[in-house]
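# Close look at the chain arrangement
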Amino acid sequence: MSLTTTFPRGADRSKPGPLVRLFDYKPFLIIVCLTPALGLLLVFLTYPLGLGVWLAFTDTTIGRRGIFVGLENFQYLLTDRLWWNAVFYSVLYTGVATIGKFSLGFWLALLLNNHFPFKSILRAIVLLPWIVPTVLSALAFWWIYDPQFSIISYLLVDVLHIRTTNIDFLGTPWPARFSLIAANIWRGIPFVAISLLAGLQTISPSLYEAAMLDGASSWQRFRYITLPMMMPILAIVMTFSIIFTFTDFQLVYAITRGGPINSTHLLATLAFQRGIAGGELGEGAAIAVSMIPFLVFATLFSYFGLARRKWQQGEAND
Amino acid sequence: MTDTEVLGRPAKAARGVNSASAAPDTMPWDTRARRTVLVYLPLACFVIILLFPFYWMALTAFKPNAELLDYKSHNPFWISSPTLAHIKHLLFNTAYPHWLMTTMLVAVGATFISLMSSTLAAYAIERLRFKGSPYVGLGIYLAYLVPPSILFIPLATVVVQLGLFDSPLSLILVYPTFLVPFCTWLLIGYFKSIPYELEECALVDGATRLQILRRITLPLAVPGLISAGIFSFTLSWNEFIYALAFIQSSANKTVPVAILTELVSGDVYQWGALMAGSLLGSLPVAIFYSLFVDYYVSSLTGAVKE
């Protein structure tokens, strides 16, 4: 049996052109394969990231090249009440939404992990809030939070008679803050639930069987088997969730645009307002860059805070 | 699937043990009631809450204005005389069809570029294996953790410098920055699952590496390619901040941005048209996704299991 007949297109091999041979040269092929991806990331990600940090130290505005002003932008931010407001709300938004998303998402994952009919259809339905464009579902929430025609107010006032007046969801600072957080939790539950469900399915049933033979209650099984086994995946999913919640933009921009009286500005929406809408590119960039320390801290905290358990339990069980 | 089936049974038995009676199967009614309260009831609440905004969106889109603003004489949870007026207004009196086309063009273009470059990158990192390949892989993946909110201001200046401001092409080129990292990561996982021996055999038989990629590795990675494609398409369709920052003229806007900036005007909101726009804008993604939901969930599951 000759080599040429075993591979169907072996005939090509008898006259390999120089180009074909060049593509068979491994280092060349590696460079060719990596160029598109790395090129895109260098031009549209690494370079802008560096440029953003540079802009933060200049007084660039739209249409005018800025000059280096050192820490001036950041010194200004420290005296800016709106920036402090945005920091406060970004932290609150991330903290409360993360707790909400993860407790409800974990619960939903545990529920979906049960055996019942139409399971796969249900899983698909549950993912919908995550699939549909955020701005479009945010508009639905805007309408749900309408001061006059809110369906929630209607339920509370006309159906349940718990309240006598409509709730002004978006017109007053604290209700507005929590309305946005609720919408964010709603959007985040599916992703958390499906990711954690995937994690739950990797836990070997024999662990539960053994625990049950030892007479462990369902709470004990959750506390001493499910939770520790889920820690690594929780750490990853939570790190992601924190990064993307802290830097969220769409939901706030679509529903309140930072109002009322700037109480719901996140750092990202404030950066947009100053940088793009207001034309102060340098200052906007400084606000965007001021997110980085928070992100690094939150990432380290969530990742190492949760992953630590895993290390302590030792490499033996992995 | 099989995991949960196995897992389901002991869990059910355990409830029997915990309840007053000692034997698991002697009190089926009790077990069923517990199960209803502990599983079905909360599950039903979750489904209702997760789906309600969509129901409300759809309901509003087909409600005549008279019913929309009158909760006293009409049940707000139902429509007595559905109308297509809002959708007609949206399709014929606004640039909505044009926005849909732009969004589709951007999503398809960005998905195509992302799939091409991340397939090649994943192939090089996982299959060609060179000295620094794990680091290159990690580097590409870390790029996913850089949020668009930090990048949009400097990227706007880059886009202006390239002369692409206000052009959908800018979005097609910029979206891969958040699509390529995830797709590459997903595809590395897929390539890993394909036995290396298949490629070795072909190599011994004299196939070139490009032939191997085209005829062996890619066909086997099709499920991974599909889920990476769905992921890219939905994320491109969803993207907001870049589209808001880089596009100025009404004609070039994508659906999410256009609805928010073009349809919301003045103090009186056209809720019917707004919700119709949201509904129509959600449908392509929802349909596209429902066609491939199994690929999607399984690859997400697979990626997480890694």
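Because the structure is a prediction, the values reported are computed rather than measured. (Residues numbered from 1 in each chain as written. Chains lettered and ligands numbered in written order. Predicted model: local features only at pLDDT ≥ 70, side-chain atom pairs only at ≥ 80, totals over all residues. Heavy atoms only, no water.)

With that out of the way, let us pick up the overall build of chain A. Along chain A, the regular secondary structure elements total 15 helices and 0 strands. For chain A, the proportion of its 318 residues judged to be buried stands at 54%. Counting contacts in chain A only where the partners sit at least 6 residues apart, residues at least 24 apart contribute 67% of the total. About 14900 Å² of surface is accessible on chain A, with carbon and sulfur atoms providing 68% of the total. (Helix = DSSP H or I, 4+ residues; strand = E, 2+ residues; numbered from the N terminus. Buried < 20%, exposed > 50% of the residue type's maximum accessible area, 1.4 Å probe, protein only. Contact = heavy atoms within 4.5 Å. Areas by Shrake-Rupley, 256 points an atom, 1.4 Å probe, with all protein chains shown as cover.)

So, on to the interface of chain A and chain B. The interface is formed by 105 residues belonging to chain A together with 108 residues belonging to chain B. Carbon and sulfur atoms make up 79% of the surface buried where chain A meets chain B, a total of about 9800 Å² over both sides. There are 0 salt bridges connecting chain A and chain B. The interface formed by chain A and chain B contains 7 residue pairs in polar contact (both at pLDDT 80 or more). For the side of chain A that touches chain B, the element with the highest residue contribution is helix H3 (residues 26-56) of chain A, accounting for 18 residues. Here the residues of the side of chain A that touches chain B sort into 75 nonpolar, 17 polar and 13 charged. (Buried area = accessible area lost by both parts, 1.4 Å probe. Salt bridge = Lys/Arg side-chain N within 4 Å of Asp/Glu carboxyl O. Polar contact = N/O pair within 3.5 Å; in protein donor to acceptor, adjacent residues only side chain to side chain. Nonpolar A, V, L, I, M, F, W, Y, C, P; charged D, E, K, R; others polar.)

Moving on to the pattern of salt bridges. Residues and elements named next belong to chain A. Here the structure, examined in full by the defined rule, presents 6 salt bridges over all chains. Among the ionic pairs, aspartate 59 bridges to arginine 64, the shortest N-O distance being 3.9 Å. Classification of aspartate 59 as partly exposed rests on a relative accessible area of 27%. Salt bridges here are not isolated pairs; linked through shared partners, they connect Asp80, Arg274 and Glu283.

All right, on to the packing of aromatic side chains then. Note on aromatic pairs: each is described by the distance of the centres and the angle between the planes. Tallied over the full model, the rule gives 47 aromatic pairs over all chains. For the pair phenylalanine 249 of chain A and phenylalanine 240 of chain B, a centre-to-centre distance of 6.0 Å together with 35° between the ring planes defines the contact as tilted. Separated into two different chains, phenylalanine 249 of chain A in the loop between helix H11 (218-246) and helix H12 (250-255) and phenylalanine 240 of chain B in the loop between helix H12 (222-238) and helix H13 (241-246) make up a pair that spans both. The ring of tryptophan 174 of chain A carries the charged tip of arginine 177 of chain A above its face, separated from the ring centre by 4.3 Å. (Phe/Tyr/Trp six-rings, centres within 6.5 Å; stacked < 30°, edge-to-face > 60°. Lys NZ or Arg CZ within 6 Å of the ring centre and 35° of its normal.)

What follows concerns helix H9 (residues 173-200) of chain A. Residues and elements named next belong to chain A. The end-to-end C-alpha separation of H9 is 39 Å, in line with the 40 Å expected for 28 residues at 1.5 Å each. At glycine 188, H9 is deflected by roughly 35°, the largest bend along its length, and proline proline 190 occurs up to four residues later in sequence. Where burial is concerned, most of H9 is hidden: 21 out of the 28 residues are buried. (Expected span 1.5 Å × (residues − 1). Bend = angle between axes of the 7 residues up to and from the residue.)

Moving on, we get to empty space enclosed by the protein. All told, the structure shown has 3 cavities of 30 Å³ or more when counted by the stated rule. What the second largest cavity holds in volume is close to 40 Å³. As for the second largest cavity, its lining consists of Leu45 of chain A together with Ala143, Tyr144, Val146, Pro148, Leu151, Thr177, Phe178 and Tyr242 of chain B. Elements supplying a minimum of two residues to the lining of the second largest cavity: helix H7 (148-161) and helix H9 (176-193) of chain B. (1 Å grid on protein atoms, 1.4 Å probe; cavity = no way out; pocket = protein on both sides within 12 Å on 5 of 7 lines; lining within 4 Å. Points joined across faces, edges and corners; volume = space filled by probe spheres on them.)

Let us now look at the environment of valine 192 of chain A. Residue and element names in this part refer to chain A. Of note, valine 192 is situated in helix H9. The class for valine 192 is buried, based on a relative accessible area of 1%. On a C-alpha basis, the gap between valine 192 and tryptophan 130 in space is 9.9 Å, while along the polypeptide they are 62 residues apart. Among all residues touching valine 192, those that are not within four sequence positions of it are Lys101, Phe102, Gly105 and Phe106.

Where nonpolar side chains cluster on the molecular surface, the patch consists of Ile236, Val296, Leu300, Tyr303 and Phe304 of chain A and spans about 430 Å² of accessible area. Inspection of the secondary structure puts phenylalanine 304 of chain A in helix H15 (residues 291-312). (Patch = residues over 30% accessible without salt bridge, like charges linked within 9 Å, V, L, I, M, F, W, Y side chains within 5 Å.)

Now for the environment of leucine 100 of chain B. Residues and elements named next belong to chain B. Looking at the element boundaries, leucine 100 is found in helix H5 (residues 96-128). When the C-alpha positions of leucine 100 and leucine 280 are compared, they lie 9.1 Å apart, and in sequence the two are 180 residues distant. Apart from the residues within four sequence positions on either side, leucine 100 is in contact with Trp237 and Val255.

The next subject is the nonpolar core. Among the nonpolar cores identified, the biggest contains 173 residues, and Leu108 and Ile255 of chain A together with Phe152, Tyr175, Tyr242, Phe246 and Met275 of chain B are the most heavily contacted of them. Aside from chain neighbours lying at most four places away, what touches tyrosine 242 of chain B is Pro148, Leu151, Phe152, Leu155, Leu171, Val174, Tyr175, Thr177, Phe178 and Ile247 of chain B. By size, the runner-up hydrophobic cluster in this structure holds 11 residues, among which are Ile131 of chain A together with Ala107, Trp237 and Val285 of chain B. (Core = buried A, V, L, I, M, F, W, Y, C linked by side-chain atoms within 4.5 Å.)

A positive phi is found at histidine 161 of chain A, a non-glycine position, where the angle reads about 55°. Assignment of secondary structure puts histidine 161 of chain A in the loop between helix H8 (151-159) and H9. Here the phi dihedral of arginine 129 of chain B falls at roughly 50°; this positive angle occurs in a residue that is not glycine. Position of arginine 129 of chain B among the secondary structure elements: in the loop between H5 and helix H6 (133-142). Taking relative accessible area as the criterion, arginine 129 of chain B reaches 47% and is therefore assigned partly exposed.

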